[in-house]
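Coordinate analysis (summary)
Single-letter residue listing:
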Amino acid sequence: MKSKFATNLFWALMVFLTQTGFSLKKEQITIIDPKGNQVIEYAVSELSKILSSNFNVNVSSQYNSDGWNIVLTADSSMQPFSFSVKQPKDNRYRLVYLSGHDETCVLHSVYTMLEIMGYTFDLTGIRKPLQEPSINCLEGYSKTIYPKVERRGIRQHINFLMDISSYPLDEAKEYIRNLARLRMNYITFHSYPGQWVSYKYKDVEHLAGNFFYGEQDLVPTDSSLKKLIRNDSIYCIPSIEPFWNNMQKRSQMAIQWLNAVMAEAKKVGLQVNFSYELREPGLDYAQTAFNAILNEYPLIDGIEFITEEDAPNYIAQVENDIKCAETIKKHLNGRRIQFTTGIYNTTESELKKGFEILRNTPEDISLSVLPAHGARMVVKNLSEIPLTSDDINRTMIYSWIQFDGLMYMQQNPVEGIRRLLDETLTITGGKPIYGICWNHWQNYENRTAARYASEAMIEGPIVKESFYDSFAKRLGIVDSSMYSIAMNKLDEADNFCRDSLFNIGFCPNKYWLTNSGLSLYGRYKKETLLSAIGRYNTTENDLRDCIAKTKNKSAKRDLQFLVNRINCSVLHLKAFVVMTDLQPLFKGNPNPLLSKKDHKLVVKKCSEAITFEKDYLDMFSKFMLDRGCEGSLVSYLHGPVQSLKNIKAKYGYGNDSIPVIGKSIDAPPVPGQ
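These lines cover the structure that appears in this document, whether it is placed above or below. (Residues numbered from 1 in each chain as written. Predicted model: local features only at pLDDT ≥ 70, side-chain atom pairs only at ≥ 80, totals over all residues. Heavy atoms only, no water.)

So, on to helix α2 (residues 38–51). In an α-helix there are 3.6 residues to a turn, and that puts residues three or four apart on one side. With 14 residues, α2 ought to run about 20 Å at 1.5 Å a step, and its terminal C-alpha atoms sit 20 Å apart, in line with that. V39, I40, Y42, A43, V44, E46, L47, I50 and L51 are the residues of α2 that are buried. With a side-chain oxygen lying 3.0 Å from the backbone nitrogen of V39, the N-terminal cap of α2 falls on N37. (Helix = DSSP H or I, 4+ residues; strand = E, 2+ residues; numbered from the N terminus. Expected span 1.5 Å × (residues − 1). Buried < 20%, exposed > 50% of the residue type's maximum accessible area, 1.4 Å probe, protein only. Polar contact = N/O pair within 3.5 Å; in protein donor to acceptor, adjacent residues only side chain to side chain.)

A full pass over the atoms with the stated rule returns 35 aromatic pairs. With a centroid separation of 6.1 Å and an interplanar angle of 80°, the aromatic rings of Y199 and Y285 are classed as edge-to-face. Of this pair, Y199 sits in strand β11 (residues 199–201) while Y285 sits in helix α7 (residues 283–296), and the two are 86 residues apart along the sequence. Considered together, Y199 and Y285 belong to a single accessibility category, that of buried residues. Ring geometry for W512 against Y521: centres 5.8 Å apart, planes inclined by 50°, an arrangement best described as tilted. Here the two residues W512 and Y521 agree in accessibility, since each one is buried. Lying over the aromatic face of Y398, R155 brings its terminal NZ or CZ to 4.3 Å of the ring centre. Lying across the ring of F496, R535 places its NZ or CZ 4.1 Å from the centre. (Phe/Tyr/Trp six-rings, centres within 6.5 Å; stacked < 30°, edge-to-face > 60°. Lys NZ or Arg CZ within 6 Å of the ring centre and 35° of its normal.)

Moving on to the sheet that holds strand β10 (residues 186–191). Whether parallel or antiparallel, the strands of a sheet pair through hydrogen bonds between backbone atoms. Reading around the circumference, β9-β10-β13-β14-β15-β16-β17-β18 is the order of the eight strands in this closed barrel, with parallel pairing throughout. Adjacent strand axes in the sheet meet at a mean angle of 25°, parallel and antiparallel pairs treated alike. As paired elements, strand β15 (residues 338–344) and strand β16 (residues 366–370) share five bridges and run parallel to each other. Bridge pairing links I343 to V369 in β16. Against the sheet, helix α8 (residues 314–329) engages β14 (302–306) and β15, with an angle of about 180° to β15. (Pairing = 2+ DSSP bridges. Axes fitted to C-alpha atoms, helices over the stretch in contact; angles between N-to-C directions. Contact = heavy atoms within 4.5 Å.)

To continue, consider helix α9 (residues 348–358). All buried positions along α9 are accounted for by L351, G354, F355, I357 and L358. Angular distribution of buried residues about the axis of α9 spans 155°; they occupy a single face of the element. Tucked inside the fold, the buried residues of α9 contact α8, β15, β16, α10 (375–384), α11 (389–392) and β17 (395–400). (Arc of directions from axis to C-beta.)

The six strands lie next to each other as β2-β1-β3-β5-β4-β8, forming an open sheet whose pairing is mixed. Strands at the two margins of the open sheet, each flanked by one partner only, are β2 (56–60) and β8 (142–145). Strand after strand, the sheet turns through a mean of 15° between neighbouring axes, direction not considered. Summarising the sheet, strand β4 (residues 83–86) and β8 pair through four bridges and their orientation is antiparallel.

Within the structure shown, the criterion is met by 42 salt bridges. The partner of K35 in a salt bridge is D33, and the shortest N-O contact between them spans 3.2 Å. The salt bridge involving K266 is made with D301; its shortest N-O contact spans 2.6 Å. With K266 in helix α6 (residues 247–267) and D301 in the loop between α7 and β14, the pair connects residues that are 35 residues apart, well separated along the chain. Given a relative accessible area of 22%, K266 falls into the partly exposed group. (Salt bridge = Lys/Arg side-chain N within 4 Å of Asp/Glu carboxyl O.)

Below is the structure:
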């Protein structure tokens, strides 16, 4: 009986597998060896690695008549930045042609083909198809893609604990590979002084390796948190920590780390741009900084001189940057470097005036502009310049898939991203945009916005609902309609907090710890905070409905992660709600003279608020999915939590000691509205 049952079960299983398209024999795929440069070699390795779990893949110079054959071709006669996937119907071999204007475009055709087959790429990595992938879906397929944005990428400030500047090298390289998988071709690394460049100027030695503006962030002593952090005592790139007190060694290792990340970027076809602020006027300083950057980072393709964020002397800085870039460019001795001059100013009138001066830059030097804080505000402020079609043809636009002023909050600025593509393409009449790069720090938290940005830069301003529906189905989320509703609500909650609770999640330690009074916790109205909480709560409810209907484990985890971070956002806001009870005591004065009774009230409210922030840490720690989560945890502990402890200590007559704030070599200006 058992033998007969087993036999029947076996044949029933075979019938089921056959009906669902599954075959015990893996289909043969041959990649015709293209003999190309490192980008082509990487494209071949990616195809082999990704397809090998479902197909028999080999690389050969000979066509295989028993399977599929993939041909990779760089074709300079194609339109720049374009790429194609074509499968001729009538052919003796089953051929798929993956072509592009250059090697990078060929790599983008590889990822396009894989997406057609059901693979999905985002900042968090590769998601396999929900069903058994089949290459047969490519039969007769033919499409050439002309991206709406030519230079598509990320602007990495590499300046906060939660970005890749704390990542082990292998994980930072994987981040770079994930950008390429999103079919991006450009990355800007921005270094503030003392972070990634070392040089000697006026007999003073300036070293690199002063991470996070020179802050020293200690690993939590609480055992439940400490075990989550891959450092012993000081939070930084783990391999550098043992040499923390050797400044020369730390500087050298920081430069080596970034060089290795850049090398990975070049391998996967990204154009590498190095951005720097000329903190002193004059050619001597500019030449010194430029020589150091070029000597220490020989792989870079471009260098950008951009003004300091909202600098009061922005006009002088723009003029100095143009003059220095023009002069240095004339003496490059054959070295090919794309120079860019840019402005980072978020005040409409100043931005308009500064960009007018920026237009005086010679035509062979490109422009860049970072015009606002937040994706929707970028669109608004650019319209105040306003940009012309000629401007867009030479300007790298910097916008946001994450605003650092809301770093501790879950964001989703898809609408702002859509508007930027819509507005700029309207100005150009549909002709391609020179370039857009996006600011962000965390990865998992921003995977949806990054995915939308990557698609929209190729296809144009995709209707949000269509994007959410497609992305949800790829992830395995059953109720894609409810998911779309929830993500639109999250977008609006994000925008509400950006406009009404500005900087409530700004992350530098100095921002929190230099304000021992209530200047941070006392600035927001209770009704505004409660409104934000309500918006997040309704979003969470919709996502929980999606979770209940979703069976796929990875999709369920995706949704649970999002709900977790929304809950963290609410806990952060609730701490501020508690502190609004103290606003009548202060009435705009962060350091008033208070009675003993009022001192006790301050201590009581601080204790209540700290409870919410400790709950934040506990909630956040349940989903530690990448190194950026570790940095966020350390940052929150040393920023908002310590700030409340300091206030409590000040009014509690020393019940909690106030730590000495270490000196920093620099600090980001507090973003303005």
